[in-house]
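Reading the structure
Chain by chain, the residues:
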Amino acid sequence: MRAEIQNVVEEIEKSVALLAQRLDVETAQHRLEEFNARVEDPNLWDDPEAAQKLMRDRQMLVDAMDTHAKIKQDLADNIELIELGEMEEDDEVVSDAENAIKALAETAAQKELEALLDGEADGNDTFLEINSGAGGTESCDWAAMLARMYVRWAEKKGYKVELQSESAGEEAGIKSATYKISGTNAYGWLKSESGVHRLVRISPFDSAAKRHTSFTSVGVYPVVDDNIEIEVNPADIRIDTYRSSGAGGQHVNTTDSAVRITHAPTGIVVTSSEKSQHQNRDIAMKALKSRLYQMELDRRNAAVNEMHENKGDAGWGNQIRSYVLQPYQMVKDLRTNFETSDTKGVLDGDLDGLMAATLALDVSGKSRAEAQAD
């Protein structure tokens, strides 16, 4: 087998191994048998909602098992064809099998990513909050660069992006901004971006052209849909209205009816500055419920909890990712050690590689390479 195809085979094998890990393949058949036994219960449809959930969960397990088995079998079949073709010196058989393996690699990689996006709220829309940290004007400019990066990423995904609120920097950039990003698995993809992002570059605001380090924090919270009940005691919140003005241009926004909601028990503060006060109250309340729901998810999931609780202030020692533009070009995620020298591509929204590596880490507790080394 040619070295190029052997490398493709190894990548497929990695995807198959991670699919098996996500599926917990050793217990999958037993779980399916349990589902089948429950489906045969004559009283199942006495509770239609519970029955529908059971059927959905069963189908998800069946689909995952079928996907894992099919990719594994297709890989074995095509490897066998290549070996037979090489033995019989049939170049056409070898070429067809190699092309099939290349196509299978794309399918396997896609299924691997899909398998990582099955958390409780992964399919939901999301709120994305960006807040400048240590670094003054430089940090505000960095916050604006991150906002642009995420908007471009979302647009490439075909997601809908809505600016909820924005506070302009004194000289440049933004102090903060909140977006609502809507689309399939928006929260599942973006949840890995919560944390502090560090930029190293020659500052355009420094006449001496010295290198500067800037920090900006990113927070990601799932939009709470109608299927999730979050109760907020009216006595626990304070609602303030105020005048808010945006930075102009496409985000121009001036109103006397911006709304700020403060949740006393947790200290959470959310804002919205659309033109309608009624709309702002609704948006801000949804944002508050999303934050409260995220806290509940954190309590249930120790790994996610650690990630969010350790996020810390936007400054030294708390970053999850570094973007170095000077003296060399490198973006490196400090959780997974995934790195790329394509800084322009990343800042233009090419984030899937970084996100996928973190999703794999969340599932296994290890990097993709470490998971395969076991």
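In the block above lies the structure referred to throughout.
Let me begin by describing the structure that accompanies this report. (Residues numbered from 1 in each chain as written. Predicted model: local features only at pLDDT ≥ 70, side-chain atom pairs only at ≥ 80, totals over all residues. Heavy atoms only, no water.)

**Details of the overall build of the protein chain**
Across its full length, the protein chain carries eleven helices and eleven strands. Of the contacts made within the protein chain by residues no fewer than 6 positions apart, 63% connect residues no fewer than 24 positions apart. Put simply, the protein chain shows about 19,600 Å² of open surface, and 46% of that area lies on carbon and sulfur atoms. (Helix = DSSP H or I, 4+ residues; strand = E, 2+ residues; numbered from the N terminus. Contact = heavy atoms within 4.5 Å. Areas by Shrake-Rupley, 256 points an atom, 1.4 Å probe, with all protein chains shown as cover.)

**Quick look at the packing of helix α3 (residues 48-87) against helix α4 (residues 91-116)**
Contact geometry of α3 with α4 gives a least axis separation of 9 Å together with a crossing angle of 160°. The orientation of α3 with respect to α4, classified from their angle, is roughly antiparallel. Between α3 and α4 the crossing geometry is left-handed. For the pair α3 and α4, contact is made by Thr-67, Ile-71, Asp-74, Leu-75, Asn-78, Ile-79, Leu-81, Ile-82, Gly-85 and Glu-86 and by Val-93, Val-94, Ala-97, Glu-98, Ala-100, Ile-101, Leu-104, Ala-108 and Lys-111, respectively. Looking at the contact of α3 with α4 residue by residue, the classes come out as twelve nonpolar, three polar and four charged. (Axes fitted to C-alpha atoms, helices over the stretch in contact; angles between N-to-C directions. Parallel < 35°, antiparallel > 145°, perpendicular 65-115°, else oblique. Left-handed = near helix turned anticlockwise from the far one by under 90°. Nonpolar A, V, L, I, M, F, W, Y, C, P; charged D, E, K, R; others polar.)

**Observations regarding helix α2 (residues 25-39)**
With 15 residues, α2 ought to run about 21 Å at 1.5 Å a step, and its terminal C-alpha atoms sit 21 Å apart, in line with that. Buried within α2 are the following residues: Ala-28, Leu-32 and Phe-35. Down the axis of α2, the smallest arc covering the buried residues is 65°, so these residues share one side. Buried residues in α2 make contact with α1 (3-23) and α3. (Expected span 1.5 Å × (residues − 1). Buried < 20%, exposed > 50% of the residue type's maximum accessible area, 1.4 Å probe, protein only. Arc of directions from axis to C-beta.)

**Quick word on the packing of aromatic side chains**
One pass over the full model with this rule turns up two aromatic pairs. Between Trp-142 and Tyr-323, the aromatic rings sit 4.9 Å apart at their centres with planes inclined by 70°, giving edge-to-face as the arrangement. Within this pair, whereas Trp-142 is found in helix α5 (residues 136-157), its partner Tyr-323 is found in strand β9 (residues 319-324), the two being separated by 181 residues in sequence. Here Trp-142 matches Tyr-323 in class, with each residue buried. Between Trp-153 and Tyr-159 the ring centres are 5.7 Å apart and the planes differ by 75°, which places this aromatic pair in the edge-to-face class. Across this residue pair, the class does not change: Trp-153 and Tyr-159 are buried. The ring of Trp-189 is capped by Lys-157, whose NZ or CZ atom sits 4.0 Å from the centre of that ring. The residue whose ring lies beneath Arg-291 is Tyr-221, and the NZ or CZ to ring-centre distance is 4.4 Å. (Phe/Tyr/Trp six-rings, centres within 6.5 Å; stacked < 30°, edge-to-face > 60°. Lys NZ or Arg CZ within 6 Å of the ring centre and 35° of its normal.)

**Concerning the pattern of salt bridges**
Tallying each qualifying case throughout the model produces 20 salt bridges. Asp-141 serves as the salt-bridge partner of Arg-201, at 2.5 Å between the closest nitrogen and oxygen. Separated by 60 residues along the polypeptide, Arg-201 in strand β4 (residues 195-202) and Asp-141 in helix α5 bring together distant segments of the chain. Across the pair Asp-350 and Lys-156 runs a salt bridge whose closest N-O atoms are separated by 2.8 Å. Placement of Asp-350 in the loop between α9 (343-347) and α10 (352-364) and of Lys-156 in helix α5 is noted, with a sequence separation of 194 residues between them. Looking at Asp-350, the relative accessible area reads 42%, which means it is partly exposed. Because the salt bridges share partners, they merge into one network encompassing Arg-2, Glu-4, Glu-98 and Lys-102. (Salt bridge = Lys/Arg side-chain N within 4 Å of Asp/Glu carboxyl O.)

**Describing α3**
With 40 residues, α3 should cover 58 Å at 1.5 Å per step; its first-to-last C-alpha distance of 58 Å lies within 8% of that length. Considering only its buried residues, α3 is in contact with α1, α2 and α4. Of the residues flanking the end of α3, it is Glu-89, one or two places downstream, whose phi is positive at about 55°.

**Details of the sheet that holds strand β5 (residues 211-222)**
Strand order in the open sheet formed by eight strands is β2-β3-β1-β5-β4-β9-β10-β11, and the pairing between neighbours is mixed. Strands with a single pairing partner mark the edges of an open sheet, and in this sheet they are β2 (160-168) and β11 (339-340). Relative to β11, strand β10 (residues 330-333) is paired through two bridges, and the arrangement is antiparallel. Within β11, the residue paired with Lys-332 across the bridge is Glu-339. Seen against the sheet, α5 touches β1 (126-132), β2, β3 (174-182), β4, β5 and β9 and runs at an angle of roughly 45° to β5. (Pairing = 2+ DSSP bridges.)

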